[in-house]
Structure formats: C-alpha cells, structure tokens
Amino acid sequence: MTVLNIRHRTTYRYREAVQLGPHRLMLRPRESRDVRLLSSTLEMTPNASVSWTNDVFGNAVATAGFAGLADGLTIESRAVVELGASPWPVFDIAASAIHYPFLYSSEERCDLGALAVPQTFDPSGRLAGWARGFVRGTRTDTLALLKDMVAGVASGIGYQSREAEGTQTPLQTIDRGWGSCRDFAVLFAEAARSLGLGARIISGYLYSQPTAPSDVQTAQAGSTHAWAEIFVPGAGWITFDPTHRAVGGFNLIPLAVGRVIAQVMPLTGTFLGRTDAYQGMSVEVEVTP
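Think of each chain on its own: its residues are numbered from 1, step by step along the sequence as written. For a predicted model such as this one, the threshold for reporting local features is a pLDDT of at least 70, and the threshold for listing and counting side-chain atom pairs is 80 or more; totals across whole chains, interfaces and linings nevertheless cover every residue. In computing side-chain properties, one takes all heavy atoms of the structure into account and sets aside hydrogens as well as water.

S.K.: Just checking my understanding: could you explain the packing of aromatic side chains for this structure?
M.R.: In summary, the pairing rule links any two rings of Phe, Tyr or Trp, Trp by its six-membered ring, whose centres are within 6.5 Å, and it sorts them by plane angle into stacked for under 30 degrees, edge-to-face for over 60 and tilted for everything else. Inspection of the entire model under this criterion finds eight aromatic pairs. Aromatic pair Phe102 and Tyr104: ring centres 5.3 Å apart, planes at 90 degrees, arrangement edge-to-face. Side by side, Phe102 and Tyr104 carry an identical accessibility label, which is buried. Each ring, one from Tyr159 and one from Phe184, has its centre 6.3 Å from the other, and the planes form 80 degrees; the classification is edge-to-face. With Tyr159 in strand 8 (residues 158-159) and Phe184 in helix 5 (residues 181-194), this residue pair connects regions lying 25 residues apart in the sequence. In this scheme, a residue with accessible area under 20% of its type's maximum is buried, one over 50% is exposed, and one in between is partly exposed, where area comes from a 1.4 Å probe on protein chains only. What makes Phe184 buried here is its relative accessible area of 1%. A run of DSSP states H or I qualifies as a helix once it reaches four residues; a run of E qualifies as a strand once it reaches two. Both are numbered from the N-terminal end.

S.K.: How should I be thinking about the environment of Lys147 in this particular structure?
M.R.: Relative to the assigned elements, Lys147 resides in helix 3 (residues 142-156). Expressed as a C-alpha distance, the spacing of Lys147 and Ala185, which sit 38 residues apart in the sequence, is 14 Å.

S.K.: How do you make sense of helix 5 when you look at a structure like this?
M.R.: Take the number of residues in a helix, subtract one, and multiply by 1.5 Å to get its expected span. Helix length check: helix 5 (14 residues) gives 20 Å between terminal C-alpha atoms against 20 Å at 1.5 Å per residue, within 8%. Across the 14 residues of helix 5, 13 count as buried, placing the element largely inside the fold. Downstream of helix 5 by one or two residues, Gly196 has phi in the positive range, about 90 degrees.

S.K.: Would you take a moment to explain a nonpolar patch on the surface for this structure?
M.R.: For patch detection, residues must exceed 30% relative accessible area and be free of salt bridges, and they are connected within 9 Å for like charges or within 5 Å for nonpolar side chains (Val, Leu, Ile, Met, Phe, Trp, Tyr). Method for areas: the Shrake-Rupley scheme with a 1.4 Å probe, in which residue coverage is limited to the protein chains shown. Salt-bridge detection follows one rule: a side-chain nitrogen of Lys or Arg within 4 Å of a carboxyl oxygen of Asp or Glu. Judged by side-chain polarity, Tyr278, Met281 and Val283 come together as a nonpolar surface patch covering roughly 240 Å² of accessible area. For Tyr278, the position within the fold is in strand 16 (residues 278-288). A residue is classified by how much of its surface remains accessible, and Tyr278, at 34% relative accessible area, is partly exposed.

S.K.: Just checking my understanding: could you explain the nonpolar core for this structure?
M.R.: Side chains of nonpolar character tend, in soluble globular proteins, to be buried together. Nonpolar core, defined: a set of buried Ala, Val, Leu, Ile, Met, Phe, Trp, Tyr and Cys residues in which side-chain atoms within 4.5 Å join the residues together. Within the largest apolar cluster, 44 residues are counted, with the highest numbers of intra-cluster contacts made by Met149, Phe188, Leu197, Ile230 and Phe240. Secondary-structure elements contributing two or more residues to this core are helix 2 (126-132), helix 3, helix 5, strand 10 (198-206), strand 11 (223-232) and strand 12 (236-241). Leaving out residues up to four positions away in the same chain, Phe240 has contacts with Leu143, Leu146, Lys147, Val150, Phe188, Trp227, Ala228, Ile230, Ala246 and Val247. Counting 27 residues, the second-largest nonpolar core is a separate cluster that includes Leu25, Ala62, Leu73 and Leu267. For this analysis, residues touch if any pair of their heavy atoms sits within 4.5 Å.

S.K.: What is the right way to read the environment of Gly58 from this model?
M.R.: Residue position: Gly58 is located in the loop between strand 3 (49-54) and strand 4 (60-65). As a C-alpha pair, Gly58 and Tyr159 span 101 residues in sequence and 30 Å in three-dimensional space.

S.K.: Explanation requested: the sheet that holds strand 10 in the structure shown.
M.R.: Strands pair in a sheet through their backbones, by hydrogen bonds, and they do so in one of two ways: parallel or antiparallel. Any two strands are treated as partners once DSSP identifies two or more bridges connecting them. Ordered by their spatial adjacency, five strands build an open sheet running 13-12-11-10-14, and the pairing between neighbours is antiparallel. Both outer strands of the open sheet, strand 13 (246-247) and strand 14 (252-258), are each paired with one neighbouring strand and no more. Strand direction decides the pairing type here: strand 10 and strand 14, joined by six bridges, are antiparallel. The residue bridging Ile202 from the neighbouring strand is Val257, located in strand 14. Orientation is described by lines fitted to C-alpha atoms, with helices fitted over the stretch in contact, and by angles between N-to-C directions that extend from 0 to 180 degrees. This element, helix 3, spans strand 11, strand 12 and strand 13 of the sheet and lies at about 30 degrees to strand 12. Across the sheet, helix 5 is in contact with strand 10, strand 11 and strand 12; its angle to strand 11 comes to roughly 10 degrees.

Spelled out as structure tokens, the structure:
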C-alpha cells in the first residue's frame with residue numbers, strides 16, 4: 001500500500017473586480033477497490049457556498065457559488081489517498097472475450113450504451129481504419145490488441161504538454177503527430193470504440209513516472225493527467241495510459257470518469273465582467289508520499 005498526499009491549487013486572476021459565476025469542481029478522488037480516500041478538504045478564496053451531488057457516472061461534484069465581486073479566485077483541494085493496485089496486474093478475461101472480435105452480452109451492450117459508440121464525426125472511416133491496423137488476423141488476442149494500440153499511440157504521436165483549453169479530435173492528433181495526455185486518452189478511447197469496444201475517459205493525478213522507453217516523452221509526475229479504460233468481459237474495466245504505454249493504474253489517482261473529456265474536467269466556471277478582464281490562471285499540483 002502507498003499513502004499519498006495530494007495538493008491541487010488553482011488561481012484565477014482578473015484585471016478588475018468581476019462577478020464570479022457558479023464553478024463546478026471534480027476534485028474529490030474517486031474511491032474504488034484500489035483507491036481508498038482517507039481525507040479530503042476544499043478551500044476557496046473568496047469564500048463560497050458549496051453543494052455536493054453525484055453525476056450519472058457516480059462522480060462527486062461540488063458546485064461553488066459566490067457573492068459579491070472579486071479580482072481573483074483561489075481554489076485549493078487537499079486529499080490523502082491509499083493506493084493498493086498492483087504494478088503487474090493479471091486480468092481474468094472471460095473465455096468468450098479472450099480473442100477479438102468478440103460480442104458483449106445483451107445486458108453488457110445495453111449498460112455500456114453510448115460508451116461503446118464513437119463520439120467523433122468520422123464520415124470517411126479514417127479513425128476506424130487506423131484502429132484496424134492493430135488487428136492481427138481474424139482472431140487476435142484481445143489484451144495484446146489493446147496493448148499494441150496503447151503502444152501505437154505513444155510511439156506514433158509525440159507528447160506535448162498543453163495548458164490551453166480544449167482537446168484535439170482524434171484525427172487532428174493523428175494528422176498533427178503530437179498531443180497532450182488528454183488528446184492521447186481521447187484518441188485511444190475513440191479508436192477502441194471504433195472497434196466496437198466500450199471505453200470511458202478518466203481524469204486524475206499521476207504519482208510516479210512509469211518506466212518508459214527513452215524515446216517516449218512522458219507527462220510530469222505529480223500532475224493532472226488523463227487516461228482511458230476499456231471494458232472487457234470477465235476482467236471488467238481495464239486501465240490504459242497511452243501517454244506512458246502503460247496498462248493498469250497502480251500510479252494513477254482518478255478524480256472522475258465520463259463518456260467524453262468535457263465531462264471529467266476537474267474545474268470549470270464562469271464570470272461576469274468585461275471581455276478583457278480575465279488575466280490568466282496558474283495550477284499547482286503536488287503528489288507526495
């Protein structure tokens with residue numbers, strides 16, 4: 001077991017006082033069999049009224065409301081978590097799904113729903129063609145296929161950290177040949193969906209940089225991160241981190257899961273003021289033993 005302290009501080013700056021609108025926060029680590037949340041606190045300046053709810057995916061969502069005007073906003077989340085995932089996981093895949101292609105049961109297809117449907121407009125089938133390039137013959141080992149695909153994203157696309165808002169489409173990432181961790185996650189999830197597999201996108205934190213080939217750039221340890229999970233019968237949701245060619249989540253702390261990347265953004269919000277009032281933001285993340 002590994003116990004980690006997480007500190008996530010976001011600061012917004014404005015040139016003049018503005019009216020802060022509601023802010024949606026997804027900063028409470030998501031608990032599971034492999035992640036145990038020991039404590040969690042949330043502080044804001046200026047003070048805010050906070051209400052909590054759970055979205056359709058079971059994520060903890062805080063909505064912060066502000067009164068009065070402010071020329072800045074600081075949101076700091078602190079958490080202590082215990083990680084118990086194995087760095088070398090073994091997946092008990094059902095016999096019916098060991099080889100691709102396989103069929104989900106009618107119950108699984110119904111429950112997966114839109115998670116198994118591509119969310120990207122691809123009329124020419126370019127993304128599907130790219131994904132089929134990893135299928136080796138009429139009977140391909142399912143886990144080997146997914147490992148090849150995650151390695152293909154990491155080796156074929158250059159990693160580039162990007163703080164600007166927005167996420168590239170999978171085809172933009174392929175055409176440009178570079179992307180951030182969220183671009184990698186979306187590309188991998190959408191490629192899997194084009195093969196008929198259920199996929200979901202995860203946002204969270206990276207603790208320690210995994211071992212990776214020297215020619216692969218990696219996301220900074222102790223940072224916000226994005227990855228994906230694929231549903232395989234028997235094994236359930238399997239974690240894949242295409243930024244690092246990694247399988248399993250022993251060094252990942254999830255905050256939220258969703259169908260598309262916009263559903264798992266850690267922090268979103270609005271303000272009322274002049275169009276040039278926004279001056280900038282900074283984000284500090286520390287993940288330490």
